[in-house]
Amino acid sequence: MIGILGVALALGLLIVLAFRGVTVLLLAPAMAVLAAAFDGGMPLLATYTQIFMRAAANFIAQFFPLFLLGAVFGKLMEDTGSAEALARGMVAKLGAERSILAVVLACAVLTYGGVSLFVVAFAVYPVAAALFRQADIPKRLIPATIALGSFTFTMSALPGTPAIPNAIPMPFFGTTAFAAPGLGIIAALVMLGFGLAWLTWRERSLKAKGEGYGAADGERVKPDKRLREAAQDEGFDLMEIGDHPAPPGTPFPPVWLAALPVVLVVAVNLIVTAFVIPRLDTAYLAEARFGATDISAVRGIWAIITGLLVAIVVMVVANRSRLASLARTLDDGANASALPIFNTASLVGFGAVVASLGAFAAIRDLVLGVGGGSVLISLAFAASVLAGMTGSASGGMTIALQSLGATYLEMGRAAGIAPDLLHRVTVVATGVLDTLPHNGAVITLLAICRLKHGEAYGDIAMTGMVGPLLSLAVLIGLGSLFGSF
C-alpha cells in the first residue's frame, strides 16, 4: 500500500510541477527516485543509473533519428515557405465560403506529411485569421479548427503518418506506421466528420447570435520560455521557430513543389515498408553487434527515416535559392529535436522505474482489470489516462508501453488480437485525453491565436477529445468484431 501511495504521489507531483513550468529533465528522475524511496529496499542510486538512465538511453537510441529528421524537415518546410505556400494554395482552392474545411485540410496535409504541429500552427494561423476575418467567422473557432487538422486524425489514425505518437508503438509491437490501415482510415473519418459537423454548427449558431470575427489581431506571437516549457513533449522546440526570410524578391514555391516533400515522406515510407525491406536479407540483425534483434523491431523506423531523408534532400535541392542560410536552417532544425527527445526519454525512464517497483504488480492488475477482460479496452484506458495525466500523447504512451507493453502484447497474442490492432488502439487512445486544458499543444495554440481557455477551449475539447473518443469506440468495436484490417 505504501508503494502504491509513493507511485501516486510521484506521478501527481510530476503532473503538477510540469504544468507549472518545471522541466521534466529534472522532474522525471527526481519523481522516479521518490517513488522508489517509498518501495522498501530499492537502492536509490542504482535505481537512477541502472534503471532510469538505461531506459531513457534505449529510447534515445531507438527514436532520436525520427526526432532529428522530423525537426529538420519541419524547419525546412518553414524556412522555404513551403508550409505557408501549401496552406495558401489549399485556401485559395476551396475559397472563403469553405473557410473551416480549407484550414482543416491545410493543417491535415502538413501534419500527415510529418511537419511539426507547432510549425503548422505558426504557419497556418495568419492564413486562417485572414480567411476567417474575410468570411466574418468568429475568431474563437480558429484554435479548434487548427486542432482538428493537426492534433487528431493525422497524428493518431491515418496509416503511414510519421508523427512521433504513431512511431512509438512500433518497436514494442513489431509493427509499422501503416498498422491496421483500414481501421485507421475509418477512425480518421469519424474524427474528421464529427469535428467538421461541430465546427459548422458552431459557426452557424454564433453567427445567428450576431457574433462575427471580433477584434483585429496584433503582432505575431513569438515563442518564449513559458511556451517552450509547456510544449516540451511535442517533438519540436518552439524556440527554434522564427523568422528566417528568404533572400529579397524570392517568391513562395508553387503549391505542387510545396506539397512534393509531404507526399514523398508518406510514399517512400510505404514503398520501403511494403516492397524494399521484405526483399532485404536482414539475418545479420541477430548478431550481437547489431543488437541481437530482428527486422520486425526496426523496419518501421527504417522506413520513416528513409522517407524523411528523401524528402529533406529533395526539398533542399528544389528550394536552395529560397533559403537565406542552409546551414542555419539545418542547425536550427537539429537543435529543435534535442529538448523534446530528452524530455520524452525522461518520461520513459520514469515509467521503467515504476515498472520495476514491487508495488507495480498491484497497479498492473488494477489496470488490466479495467474493461472486464477486454485487452483492447484495458489498453485504451491505460494509454488515454496516462496521456491525459501527463498532458502529452507521446509521454503518456511511453510510460504505458514501457511498463505494460510486453504484457499487452502477450495478452493480445493469447486472445488472438493482431499487434497491428494493438498499435492503432494505443495511438488513437492517447489522442483522446491529451487535449485536456494543461496540454502543451493546447496552451501554445491558444497563445498563438491570442485567446484564453474560456473563449476557445470548449470547441477544442469537442474536436480534440469527443471526436477521438467516438472514433476510439468505433475502432475497438470493429476491431473486436472483425480483427485488424
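Read on for an overview of the structure. (Residues numbered from 1 in each chain as written. Predicted model: local features only at pLDDT ≥ 70, side-chain atom pairs only at ≥ 80, totals over all residues. Heavy atoms only, no water.)

Counting its regular elements, the protein contains 21 helices and zero strands. Taken along the three principal axes of its C-alpha coordinates, the protein extends 65 × 55 × 45 Å. For the protein, the residues scored as buried account for 57% of the 485 residues in total. Counted over contacts in the protein with a minimum sequence separation of 6, partners at least 24 positions apart contribute 83%. Per element, the accessible surface of the protein, about 18,500 Å² overall, is 67% carbon and sulfur. Separation between the mean location of the 29 positive side-chain charges and that of the 28 negative ones in the protein comes to 5 Å. (Helix = DSSP H or I, 4+ residues; strand = E, 2+ residues; numbered from the N terminus. Buried < 20%, exposed > 50% of the residue type's maximum accessible area, 1.4 Å probe, protein only. Contact = heavy atoms within 4.5 Å. Areas by Shrake-Rupley, 256 points an atom, 1.4 Å probe, with all protein chains shown as cover. Lys, Arg positive; Asp, Glu negative; His and termini not counted. Charge placed at Lys NZ, Arg CZ, Asp CG, Glu CD.)

Turning next to a nonpolar patch on the surface. A grouping of Ile271, Phe275, Val276 and Leu280 is seen on the molecular surface, where their side chains present a nonpolar patch of about 350 Å² in accessible area. Here Ile271 lies in helix α13 (residues 255-276). What makes Ile271 partly exposed here is its relative accessible area of 44%. (Patch = residues over 30% accessible without salt bridge, like charges linked within 9 Å, V, L, I, M, F, W, Y side chains within 5 Å. Salt bridge = Lys/Arg side-chain N within 4 Å of Asp/Glu carboxyl O.)

This paragraph deals with the packing of helix α6 (residues 117-135) against helix α20 (residues 440-448). With their axes 10 Å apart at the nearest point, α6 and α20 run at an angle of 15° to one another. Comparing their axes, α20 and α6 come out roughly parallel. Once α6 is placed against α20, the crossing between them reads as right-handed. Across from Leu117, Phe118, Ala121, Phe122 and Tyr125 in α6, the residues of α20 making contact are Ala441, Thr444, Leu445 and Ile448. Per-class residue counts for the contact of α6 with α20 are eight nonpolar, one polar and no charged. (Axes fitted to C-alpha atoms, helices over the stretch in contact; angles between N-to-C directions. Parallel < 35°, antiparallel > 145°, perpendicular 65-115°, else oblique. Left-handed = near helix turned anticlockwise from the far one by under 90°. Nonpolar A, V, L, I, M, F, W, Y, C, P; charged D, E, K, R; others polar.)

A word on the layout of surface pockets. Computed from the structure, the largest pocket encloses a volume of approximately 480 Å³. Lining the largest pocket are 22 residues, and of these Val7, Leu11, Ile363, Val367 and Leu386 sit closest to its centre. Only α1 (2-19), α15 (326-356), α16 (360-368), α17 (375-390) and α18 (393-414) provide two or more residues apiece to the lining of the largest pocket. Of the residues contributing to the lining of the largest pocket, the split by class is 20 nonpolar, two polar and no charged. (1 Å grid on protein atoms, 1.4 Å probe; cavity = no way out; pocket = protein on both sides within 12 Å on 5 of 7 lines; lining within 4 Å. Points joined across faces, edges and corners; volume = space filled by probe spheres on them.)

All told, the structure shown has five aromatic pairs when counted by the stated rule. An angle of 40° between the planes, with centres 4.7 Å apart, marks the rings of Phe59 and Phe63 as tilted. Within this pair, Phe59 and its partner Phe63 are both found in helix α3 (residues 44-79), separated by four residues, close to a single helical turn. When sorted by exposure, Phe59 lands in the same class as Phe63, which is buried. Among the aromatic residues, those joined into a ring-pair cluster are Phe59, Phe63 and Phe67. (Phe/Tyr/Trp six-rings, centres within 6.5 Å; stacked < 30°, edge-to-face > 60°.)

Right, let's get into α20. Given 3.6 residues to a turn, an α-helix orients residues that are three or four positions apart in the same direction. Counted residue by residue, α20 has nine buried out of nine residues, so it is predominantly covered. Every buried residue of α20 is accounted for by Gly440, Ala441, Val442, Ile443, Thr444, Leu445, Leu446, Ala447 and Ile448. Count one or two residues on from α20 and you reach Arg450, which has phi positive near 55°.

Structurally, the position occupied by Pro468 is in helix α21 (residues 453-482). When the C-alpha positions of Pro468 and Thr152 are compared, they lie 6.9 Å apart, and in sequence the two are 316 residues distant. Pro468 has contacts with Thr152, Met191, Val428, Gly431, Val432 and Thr463, leaving out every residue within four places of it along the chain.

In this structure the tally under the stated criterion is eight salt bridges. One salt bridge connects Lys75 with Asp79, and the closest N-O pair in it is separated by 3.5 Å. Placement of the pair is Lys75 and Asp79 together in helix α3, with a separation of four residues, close to one helical turn. Accessibility classification places Lys75 together with Asp79 in one group, the buried group. We note a salt bridge from Glu211 to Arg140, for which the minimum N-O separation is 3.0 Å. In this pair, Glu211 sits in the loop between α11 (181-208) and α12 (225-230) while Arg140 sits in the loop between α6 and α7 (142-150), placing the two residues 71 residues apart along the sequence. With relative accessibility at 26%, the residue Glu211 sits in the partly exposed group. Owing to a relative accessible area of 27%, Arg140 belongs among the partly exposed residues under this scheme.

Here we come to the nonpolar core. Within the largest apolar cluster, 161 residues are counted, with the highest numbers of intra-cluster contacts made by Phe63, Phe73, Ile142, Phe153, Phe350 and Val425. It is α6 that contributes the most residues to this core, 15 residues altogether. Once residues within four sequence positions are removed from consideration, Ile142 is found in contact with Tyr125, Ala128, Ala129, Phe132, Tyr213 and Cys449. (Core = buried A, V, L, I, M, F, W, Y, C linked by side-chain atoms within 4.5 Å.)

What follows concerns the side chain of Thr176. Tracing the sequence through the fold places Thr176 in the loop between α10 (169-173) and α11. Relative accessible area serves as the criterion here: at 10%, Thr176 is assigned to the buried category. In this structure Thr176 touches Met170, Thr273, Arg299, Gly300 and His423, once residues within four positions along its chain are discounted.

One way to put it is that α7 packs onto α21 with a least axis distance of 8 Å and a crossing angle of 20°. Classified by the angle between their axes, α7 and α21 sit roughly parallel to one another. For the pair α7 and α21, the crossing hand works out as right-handed. Contacts from Pro143, Ala144, Ala147 and Leu148 in α7 reach Ala456, Asp459, Ile460 and Thr463 in α21. When the residues that make up the contact of α7 with α21 are grouped by side-chain class, the tally is six nonpolar, one polar and one charged.

Let's shift gears to unusual backbone geometry. For Asp136, which is not a glycine, the phi torsion comes out positive at approximately 55°. By the secondary structure assignment, Asp136 is in the loop between α6 and α7. The phi dihedral of Arg450 falls on the positive side, at around 55°, and the residue is not glycine. As for its placement among the helices and strands, Arg450 is situated in the loop between α20 and α21. Taking relative accessible area as the criterion, Arg450 reaches 28% and is therefore assigned partly exposed.

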